[in-house]
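# Observations on the three-dimensional arrangement
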Amino acid sequence: MRCLFPVKMTVDTQGDVAVDRFWLRGVGGSVPSEGIADAMKRNMEQLLVR
């Protein structure tokens, strides 16, 4: 459990490619640790369709 919350999102499509961005913060607006950011990056990369 990472307890991250969206503070901003952009959802866009360019041609047939989704170009979405999510800005996440922790409880009370705290910046996620480097470890949590790295774990999220690995999780998201596993979801990419290439």
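Located above this text is the structure these notes cover.
A short tour of the structure in this document, coming up.

In terms of helices and strands, the protein chain carries one helix and four strands. Going residue by residue from the N terminus, the α and β elements of the protein chain occur as β-β-β-β-α. Dimensions of the protein chain, computed from the C-alpha atoms along their principal axes, are close to 35 × 20 × 15 Å. When the 50 residues of the protein chain are sorted by exposure, 4% land in the buried category. Taken as two groups, the 7 positive and 6 negative side-chain charges of the protein chain have centres that lie 6 Å from each other.

Moving on, we come to the environment of Val-31. Within the element layout of this structure, Val-31 appears in the loop between β4 (21-25) and α1 (34-47). Classification of Val-31 as exposed rests on a relative accessible area of 61%. As a C-alpha pair, Val-31 and Leu-4 span 27 residues in sequence and 9.3 Å in three-dimensional space.

The next point concerns the packing of aromatic side chains. Under the definition given, this model contains zero aromatic pairs. Over the ring of Trp-23 we find Lys-8; its NZ or CZ atom is 4.7 Å from the centre of that ring.

Turning our eyes to something else, we now look at a nonpolar patch on the surface. A surface patch of nonpolar side chains, amounting to about 330 Å² of accessible area, comprises Met-9, Val-11 and Phe-22. Within the secondary structure, Phe-22 sits in strand β4. According to the relative accessible area criterion, Phe-22 is partly exposed, its value standing at 45%.

Inspection of the secondary structure assignment puts Val-17 in strand β3 (residues 17-18). Sequence separation of Val-17 and Ile-36 is 19 residues, and the distance between their C-alpha atoms is 27 Å.

The rules behind the values
Residues numbered from 1 in each chain as written. Predicted model: local features only at pLDDT ≥ 70, side-chain atom pairs only at ≥ 80, totals over all residues. Heavy atoms only, no water. Helix = DSSP H or I, 4+ residues; strand = E, 2+ residues; numbered from the N terminus. Buried < 20%, exposed > 50% of the residue type's maximum accessible area, 1.4 Å probe, protein only. Lys, Arg positive; Asp, Glu negative; His and termini not counted. Charge placed at Lys NZ, Arg CZ, Asp CG, Glu CD. Phe/Tyr/Trp six-rings, centres within 6.5 Å; stacked < 30°, edge-to-face > 60°. Lys NZ or Arg CZ within 6 Å of the ring centre and 35° of its normal. Patch = residues over 30% accessible without salt bridge, like charges linked within 9 Å, V, L, I, M, F, W, Y side chains within 5 Å. Areas by Shrake-Rupley, 256 points an atom, 1.4 Å probe, with all protein chains shown as cover. Salt bridge = Lys/Arg side-chain N within 4 Å of Asp/Glu carboxyl O.

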